[in-house]
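Listed below are the residues making up each chain.
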Amino acid sequence: MGLELYLDLISQPCRAVYIFAKKNGIPFELRTVELLKGMMFPVFLGEQVPPETLASTLAELERCLQLLEDKFLKDQDFLAGPHISVADLVAITELMHPVSAGCQVFKSRPKLAAWRQRVETAVGKDLFQEAHAVVMKAKDLPPADSAIKEKLKPLVQVLLQ
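Note that the structure is a prediction, hence the values are computed from the model and not measured.

A. Representation of the overall build of the protein in the model. A tally of regular secondary structure across the protein gives six helices and two strands. What you see in the protein, going N to C, is helices and strands ordered as β-α-β-α-α-α-α-α. Taken across its 161 residues, the protein has 34% of its residues classed as buried. Across the protein, every contact between residues at least 6 apart in sequence was considered, and the portion connecting residues at least 24 apart equals 73%. As displayed, the protein offers around 9,900 Å² of accessible surface, 60% of which is attributable to carbon and sulfur atoms.

B. A look at the pairing of strand E2 (residues 28-32). One ladder, built from five bridges, connects strand E1 (residues 3-7) with E2; its direction is parallel. By the bridge assignment for E2, Glu 4 is matched with Glu 29.

C. Representation of a nonpolar patch on the surface. Together, Leu 3, Phe 20, Ile 26, Val 86 and Val 90 line one region of the surface with nonpolar side chains, adding up to about 380 Å² of accessible area. A residue is classified by how much of its surface remains accessible, and Ile 26, at 33% relative accessible area, is partly exposed.

D. Representation of the confidence of the model for the protein within the structure. Here the protein averages 83 in pLDDT, and 80% of its residues register 70 or above. Considering each helix and strand of the protein separately, the mean pLDDT is smallest for helix H6 (residues 146-159), with a value of 68, and largest for helix H4 (residues 110-123), with 97.

E. Seen up close, the packing of helix H1 (residues 12-23) against helix H3 (residues 86-100). It is at 8 Å that the axes of H1 and H3 come closest, and there the two elements cross at 135 degrees. When the interaxial angle is binned, H1 and H3 end up oblique. Our pair here, H1 against H3, has a crossing hand that is right-handed. When H1 is examined against H3, the residues Gln 12, Arg 15, Ala 16, Ile 19 and Phe 20 are found in contact with a partner set consisting of Val 86, Leu 89, Val 90, Thr 93, Glu 94, Met 96 and His 97. Broken down by class, the residue content of the contact of H1 with H3 amounts to seven nonpolar, three polar and two charged.

F. Representation of the packing of H3 against helix H5 (residues 125-137) in the model. Direction vectors running N to C along H3 and H5 enclose 45 degrees, while the axes themselves pass 10 Å from each other. Here H5 runs oblique to H3, going by the angle between their axes. In this structure, H3 meets H5 at a crossing whose hand is right-handed. Every residue of H5 that contacts H3 at Ile 92, Thr 93, Met 96, His 97, Val 99 and Ser 100 is listed here: Phe 128, His 132, Val 135 and Met 136. Considering only residue class, the contact of H3 with H5 consists of six nonpolar, four polar and no charged.

About the thresholds
Residues numbered from 1 in each chain as written. Predicted model: local features only at pLDDT ≥ 70, side-chain atom pairs only at ≥ 80, totals over all residues. Heavy atoms only, no water. Helix = DSSP H or I, 4+ residues; strand = E, 2+ residues; numbered from the N terminus. Buried < 20%, exposed > 50% of the residue type's maximum accessible area, 1.4 Å probe, protein only. Contact = heavy atoms within 4.5 Å. Areas by Shrake-Rupley, 256 points an atom, 1.4 Å probe, with all protein chains shown as cover. Pairing = 2+ DSSP bridges. Patch = residues over 30% accessible without salt bridge, like charges linked within 9 Å, V, L, I, M, F, W, Y side chains within 5 Å. Salt bridge = Lys/Arg side-chain N within 4 Å of Asp/Glu carboxyl O. pLDDT = per-residue confidence, 0-100. Axes fitted to C-alpha atoms, helices over the stretch in contact; angles between N-to-C directions. Parallel < 35°, antiparallel > 145°, perpendicular 65-115°, else oblique. Left-handed = near helix turned anticlockwise from the far one by under 90°. Nonpolar A, V, L, I, M, F, W, Y, C, P; charged D, E, K, R; others polar.

Okay, here's the thing in structure tokens:
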């Protein structure tokens, strides 16, 4: 039996492994798992993120994007030098989460936007879109039914603080 990859493409690290294996022609059998069992917090529960939490999260995202540009990308084509690496795959899959929620991560950052295009070109547009299809649809999931919502509410409240 060949390599079996147990992945959930909602997960950033899983998408990075998936892209790496496919791009490098590593034969594998995909075994899809549901790490979150379809639960997206807090959107899945129909809860609003408190404005102060959202503002703090967006400020931290901006800080991280600046750090990514200044300390890692610098004036290189890719994060670790002139060629794409696993570092680029891990970073791009991480950044696609806020993109999937409607955050314009690359809009005001031409350096990062150009890097994203280089990553997408290096792995292939079809593979890039295939790997991110699940997460890009996550915002369209319907809210949980009320029984699940009540059961998970205490956990979500802890996560949002």
